[in-house]
Amino acid sequence: MNFFDWEFAWEILPRLLDASLKTIGITIAGFSIAIVLGLFLAVGRRSRHRWLSWPMTGLIEFVRSTPLLIQVYFLFFVLPNYRAGLDAVPRAQWEAVTALNMKPLNAYRKVILPQALRPILPALGNYMISMLKDTPVLSAITVVEIMQRAKNIGSEHFRYLEPITMVGLFFLILSLGLAWFVRRLENRMELAR
């Protein structure tokens, strides 16, 4: 007896590939928002102005202290951990931009951020892979991504082994590919030092 029906797997493959585009799109959109919004929140949290730093700290703590499903209902994925990267920039660099009287935007763009990105790149890569693997949570708000599509196919045909296995392979291949890409990017940034 053959447990895995390859003919059925090939039959459902186009439907799963179609849903995988949505999964990849959600991951890229969420990661893009997280990269930009996370940076602004991390920089805002470091502000000397309490009217800015306190709300940023409150929002960051909300995101860290609530379950992912609750965040999905209210927010997209936000805030990769930029704070560690900013804290890794030597104090002398912060003092230098102050001594040179650089405007904050120029100081961050030309001096601080290039140094802060190197140490957080692995964390950002892991965050992106984690986001990819968490996209099935979106089915709670009726987003039909690849895992939900696989469950729907399984319930239509009363066969779950093939669609769920294929989705598992999809996540495995994409996660390994993203990890490889991040390692290459890390190596390139190390060489650029």
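Up top is the structure.
Residues numbered from 1 in each chain as written. Predicted model: local features only at pLDDT ≥ 70, side-chain atom pairs only at ≥ 80, totals over all residues. Heavy atoms only, no water.

A.B. asks: So what's going on with the overall build of the protein? Residues and values would help.
C.D. replies: Counting its secondary structure elements, the protein contains eight helices and zero strands. Out of the 193 residues belonging to the protein, those deemed buried represent 33%. For the protein, long-range pairs separated by at least 24 residues make up 74% of all intrachain contacts whose partners lie at least 6 apart in sequence. Counting only carbon and sulfur atoms, one obtains 66% of the accessible surface of the protein, whose full area is about 12,200 Å². (Helix = DSSP H or I, 4+ residues; strand = E, 2+ residues; numbered from the N terminus. Buried < 20%, exposed > 50% of the residue type's maximum accessible area, 1.4 Å probe, protein only. Contact = heavy atoms within 4.5 Å. Areas by Shrake-Rupley, 256 points an atom, 1.4 Å probe, with all protein chains shown as cover.)

A.B. asks: Can you explain unusual backbone geometry? Please cite residues and give values.
C.D. replies: Phi angles above zero are rare outside glycine, and Asn101 is one such case at about 55°. Tracing the chain through its elements places Asn101 in the loop between α5 (91-99) and α6 (104-134). Look at Asn101 and you get exposed, because its relative accessible area is 68%. Positive phi, close to 55°, is recorded for Phe158, a residue that is not glycine. By secondary structure assignment, the location of Phe158 is in the loop between α7 (146-157) and α8 (161-191). Assessed through its relative accessible area of 73%, Phe158 is described here as exposed.

A.B. asks: Which residues make up the nonpolar core, and what values do they have?
C.D. replies: Grouped together as the largest cluster of nonpolar side chains are 21 residues, with contacts concentrated most on Ile12, Leu16, Ile146, Met166, Val167 and Phe171. Those elements giving two or more residues to this core turn out to be α1 (6-45), α6, α7 and α8. Apart from residues no more than four positions distant in its own chain, Ile146 is found in contact with Leu16, Ala19, Ser20, Thr23, Val167, Phe170 and Phe171. Counting residues in each nonpolar core, the second largest holds 10 residues, with Leu86, Ala107, Tyr108 and Ala116 among its members. (Core = buried A, V, L, I, M, F, W, Y, C linked by side-chain atoms within 4.5 Å.)

A.B. asks: Describe the packing of aromatic side chains, listing the residues and the values that go with them.
C.D. replies: Evaluated as defined, the whole model comprises three aromatic pairs. For the pair Phe170 and Phe171, a centre-to-centre distance of 5.4 Å together with 70° between the ring planes defines the contact as edge-to-face. Each of the two residues, Phe170 as well as Phe171, counts as buried. (Phe/Tyr/Trp six-rings, centres within 6.5 Å; stacked < 30°, edge-to-face > 60°.)

A.B. asks: Give a detailed account of α6, specifying residues and quantitative values.
C.D. replies: In an α-helix, one turn spans 3.6 residues; hence positions three or four apart end up facing the same way. For α6, with 31 residues, the first-to-last C-alpha span of 36 Å runs short of the 45 Å given by 1.5 Å per residue. Within α6, the axis deviates most sharply at Ile120, by approximately 55°, and proline Pro122 lies no more than four positions further along. (Expected span 1.5 Å × (residues − 1). Bend = angle between axes of the 7 residues up to and from the residue.)

A.B. asks: Go over the side chain of Thr135, please, and point to the residues and values.
C.D. replies: The residue Thr135 is located in the loop between α6 and α7 in this model. From its side chain, Thr135 meets the backbone oxygen of Leu132 in a polar contact 2.8 Å long. Those residues in contact with Thr135 that lie beyond four places of it in its chain are Thr23, Ile26, Thr27, Glu145 and Phe171. (Polar contact = N/O pair within 3.5 Å; in protein donor to acceptor, adjacent residues only side chain to side chain.)

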